[in-house]
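Results of the structural survey
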Amino acid sequence: MLKKLIKIAILSMISGSILFAASYNAQAEKDRKAFVNYFLKKFQNPVKNHAKYFPNVNLDEMKKTYRYPLSFQDFQDGSLAWYKPSREQFKELNEFPAYSLEVDDGEVLWNKPFANGKTYSSCFPETGVRNDYPYFDTKTNEVVTIGQAVNACRVKNGEKPYKYGKGNIAKVIAYMAMKSRGKKIHVTIPSMAAAQAYEHGKKEFYKQRGYLSLSCNECHVVSSGKRLRAESLSPALGQTTEMPVYRVKGGGTLLTLQARLAGCVKGTGAEKPKLQSKTLRDLSYFLTYMSNGMKLYGPDTRK
Amino acid sequence: MKKLILISTITVAFLAGCAGTGPSVNGAIQSAQKKYNQAHKEGVAWQHTKSLVTKAKKAAKEAISYANKAAYEADTAMAQSAEYDKTWRAQVPR
Amino acid sequence: MINTKKIVAVAIISMLGASVTYAQSQQDLVKEGRKVFVTKKLGNCLACHTVQNDPNIPQAGNIGPKLSNLDTYPKDYIFNKIWDPNKTVPNTIMPPQGRSHKISKHQVDALVAYLQATTKAK
């Protein structure tokens, strides 16, 4: 009898934990579906939905310059997805993409042995793993970005870590991204602590900040498909698929996602956060989760 | 002898206290002003001493206005953050 | 008699002069307002707004409404809207640049003058 009872207790504990494990991402899934839906509806027919989503945009201009309807995968192209003039300009630019030199550099770095004779391959199951990042490490209870993984590999092999944001780190990631093209973003929420990191990232995304009191949401959700000065605003959905991003502005720089996020935070009039700070890592965790299932197309060129 | 040690301990403690916070700007200006006044009264003040005191006062005013501005910004940031803590959830698409 | 005439003439001339300088300073204020409106480091209002009768603002955005017919609004309303738009529209995307002390009271006054002068209903 006692044995049976214990058995039942154990069984119910196991099934309970299975149930629980399945629900760590329940809230995130609910958020993600609503998020994706918002963008699909908004860009289904912007001209027809003018009054609802684009009240202040000139209707004639919309008829001439907007590309629609957009499919889920179309959002990988950022502002180029919906704004025809930049789309054409950048399609042309990408016939001889400036980032291809950086990818070549990245390949050389990837294959060049460290002082101990090993290479990056010793740390990653394969080169094309960009779509698994950022991930939540259940041992350290921290979000790990691809940049951190690259640097961890260097340190483990007795090399100095790269400086984050641009330069060699962006080149190595660009090569990994190139090898990950077409793979689907696959961010998981494996624990309670992961769900908390997700919630933190979500709050960072929606909360207004800086002396301009702006949130990511206001520019990249509510105002996506509109223009801030001469900048066409990209939808937040799909934003992380093209990282690292080659920015033509200012002579051309290959930037990591971390650097891009930090730049946008600064743009709100807030203090620029440190790259790889908890704020930026959790933010990238949330943002990337929102695009789960989308195929990667990185690196890519933007204004 | 004991007295001397006591006094020197007090002095050291006092100096250490000052080192922690640095000399106060207002104290330094007041003291400079007093010394200048004495020299002036004696008719021996140097050419630029007075303008140095004036400069110090102006810089102090500027320092206070910077500090006030910084305090205002930090206060406003905290107040806005508390406000947005209550409102951000309403922005999440449902 | 001659004296009074003279005095009247002087008075009229000085009144004219005063109104000329008033018009001048109002014009300067409007000009300054436009500068605040289009300068990135100042108001940067063009990031989101076009202006009804000032179509030559380059690269204006379209997040906010085209500012129109503002001469029909009280000055206070426009001032407060610019100073802290969150007061009337909580969670608005328009930044509270007065409240943040990013622009001064005088600069907001200049913006009000500029907007009322350039958004008259035709």
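Scope of this entry: the structure provided in the associated data block. Just so you know, these numbers come straight off a predicted model, no measurement behind them. (Residues numbered from 1 in each chain as written. Chains lettered and ligands numbered in written order. Predicted model: local features only at pLDDT ≥ 70, side-chain atom pairs only at ≥ 80, totals over all residues. Heavy atoms only, no water.)

1. Examining the overall build of chain B
- Each helix and strand counted, chain B has three helices and zero strands in total.
- Listed N to C, the secondary structure of chain B is α-α-α in terms of helices and strands.
- When each of the 94 residues of chain B is scored for burial, the buried share is 11%.
- Total accessible area on chain B is roughly 8000 Å²; 65% of this is exposed by carbon and sulfur atoms. (Helix = DSSP H or I, 4+ residues; strand = E, 2+ residues; numbered from the N terminus. Buried < 20%, exposed > 50% of the residue type's maximum accessible area, 1.4 Å probe, protein only. Areas by Shrake-Rupley, 256 points an atom, 1.4 Å probe, with all protein chains shown as cover.)

2. Focus: the packing of helix α2 (residues 75-83) of chain C against helix α3 (residues 105-118) of chain C
Residues and elements named next belong to chain C.
- Packing of α2 against α3 leaves a shortest axis separation of 10 Å and a crossing angle of 125°. Between α2 and α3, the angle falls in the class oblique. The way α2 lies across α3 gives a crossing that is right-handed. Across the interface between the two elements, K75, I78, F79, I82 and W83 of α2 pack against K105, V108, D109, L111, V112, L115 and Q116 of α3. (Axes fitted to C-alpha atoms, helices over the stretch in contact; angles between N-to-C directions. Parallel < 35°, antiparallel > 145°, perpendicular 65-115°, else oblique. Left-handed = near helix turned anticlockwise from the far one by under 90°. Contact = heavy atoms within 4.5 Å.)

3. Here we look at the sheet that holds strand β5 (residues 245-247) of chain A
All names here are of chain A.
- Taken in spatial order, the three strands line up as β6-β5-β7 in an open sheet, and their pairing is mixed. A single partner strand is all that each edge strand has here, and the edge strands are β6 (253-255) and β7 (300-302). Mean inter-strand twist for the sheet, computed between neighbouring axes without regard to direction, equals 35°.
- Sheet topology places β5 next to β7; three bridges connect them, and they run parallel. Bridge pairing in β7 links R247 to R302. (Pairing = 2+ DSSP bridges.)

Function cannot be inferred from these measures alone, as they are strictly geometric.
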